[in-house]
Number of protein chains: 2
Amino acid sequence: MLRRAALDRWGHGDPQGFLDIYAPEITYFDVATDSRIDGHSAMTGYYRPIRGKIRIAHYEMIAPKVQRHGDVAVLTYNLHDEAVQPDGKQLTMSWNSTSVYARLHGEWMVIHSHWSLTAPPCLRRTM
Amino acid sequence: MLRRAALDRWGHGDPQGFLDIYAPEITYFDVATDSRIDGHSAMTGYYRPIRGKIRIAHYEMIAPKVQRHGDVAVLTYNLHDEAVQPDGKQLTMSWNSTSVYARLHGEWMVIHSHWSLTAPPCLRRTM
């Protein structure tokens, strides 16, 4: 539920839903990062320029799965979303999503997140 | 050390080094997966066609980091490698790598792995 709330806020251009559930030690990769981003304040800075610029009309989490081991849980899913471009056109995108949660001081926080696009055609020949 | 041994074997076309450290519950994403792959036998099947086809001349792990919480550890790093193409040409690639290890019956096994390319130019405008 926390995850859906964060995704909903993200879809309205508000990264704060994710920042609220990131632990101080968060490590992060996505399709635009030049190297791993380490730590909550670095993530706040990373999201700042895109605040207000993202619009997701619709998203669907595919086969979310949780692998829990004690106070750590790995949440993985594929995500299909419809991003609204500045010109109003919609772009369908498919993502691979990994989030690792740890229970810190009684609260589940994200200690690592990794986003990538699912089998993008331009990368088909790279492996 | 286990990780380097697996990477070394991978670079010689042998995925068995990774298969040996994947737990039965392994979940997996990379740049070619159409959706998350679940379970060790699915991974064995997934790697079968590329067995013997990969040649990595050189690789470098950049800033490996371990976030350990009890019996779970998240290993992340960027990887630069020089893949040897079938025509002998070398192709430099940069990866984002996430591996989640859990201590199962006293042994550290990989329960989740996510590979993506670092900021590929063809994806620069997608976020």
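Refer to the structure printed above.
My aim in this report is to walk through the structure given alongside it, one point at a time.

The rules behind each value
- Residues numbered from 1 in each chain as written.
- Chains lettered and ligands numbered in written order.
- Predicted model: local features only at pLDDT ≥ 70, side-chain atom pairs only at ≥ 80, totals over all residues.
- Heavy atoms only, no water.
- Pairing = 2+ DSSP bridges.
- Helix = DSSP H or I, 4+ residues; strand = E, 2+ residues; numbered from the N terminus.
- Salt bridge = Lys/Arg side-chain N within 4 Å of Asp/Glu carboxyl O.
- Buried < 20%, exposed > 50% of the residue type's maximum accessible area, 1.4 Å probe, protein only.
- Lys, Arg positive; Asp, Glu negative; His and termini not counted.
- Polar contact = N/O pair within 3.5 Å; in protein donor to acceptor, adjacent residues only side chain to side chain.
- Contact = heavy atoms within 4.5 Å.

**Some points on the sheet that holds strand S1 (residues 22–29) of chain B**
Within a beta sheet, neighbouring strands are joined by backbone hydrogen bonds and run either parallel or antiparallel to one another. Residue and element names in this part refer to chain B. Reading across from one edge, S2-S1-S6-S5-S4-S3 is the order of the six strands in this open sheet, with mixed pairing throughout. What marks the edges here is a single partner per strand, and that holds for strand S2 (37–38) and strand S3 (56–69). In this structure, S3 lies alongside strand S4 (residues 72–84), joined through 11 bridges in antiparallel fashion. The residue bridging Ile56 from the neighbouring strand is Ala83, located in S4.

**A few points about the pattern of salt bridges**
Summed over all chains, the structure comprises 10 salt bridges over all chains. The residue Asp14 of chain B makes a salt bridge to Arg9 of chain B at a minimum N-O spacing of 3.0 Å. Asp14 of chain B is the partner of Arg51 of chain B in a salt bridge, and the nearest nitrogen-oxygen pair spans 3.9 Å. With a gap of 37 residues between them, Arg51 of chain B in the loop between helix H3 (40–47) and S3 and Asp14 of chain B in the loop between helix H1 (2–11) and helix H2 (16–21) connect regions that are remote in the sequence. Looking at Asp14 of chain B, the relative accessible area reads 21%, which means it is partly exposed. In this structure, a network of salt bridges that share partners links the residues Arg9, Asp14, Asp20 and Arg51 of chain A.

**A look at the side chain of Asp81 of chain A**
All names here are of chain A. Structurally, Asp81 can be placed in strand S4 (residues 72–84). Lacking a salt bridge, the buried Asp81 has Arg3 as its closest oppositely charged neighbour, with an N-O distance of 11 Å. For Asp81, the side chain forms a polar contact with the side chain of Trp95, separated by 3.3 Å. Residues in contact with Asp81, not counting those within four places in the same chain, are Ile56, His58, Tyr59, Leu91, Thr92, Met93 and Trp95.

Everything listed is a geometric property; what it means functionally is a separate question.
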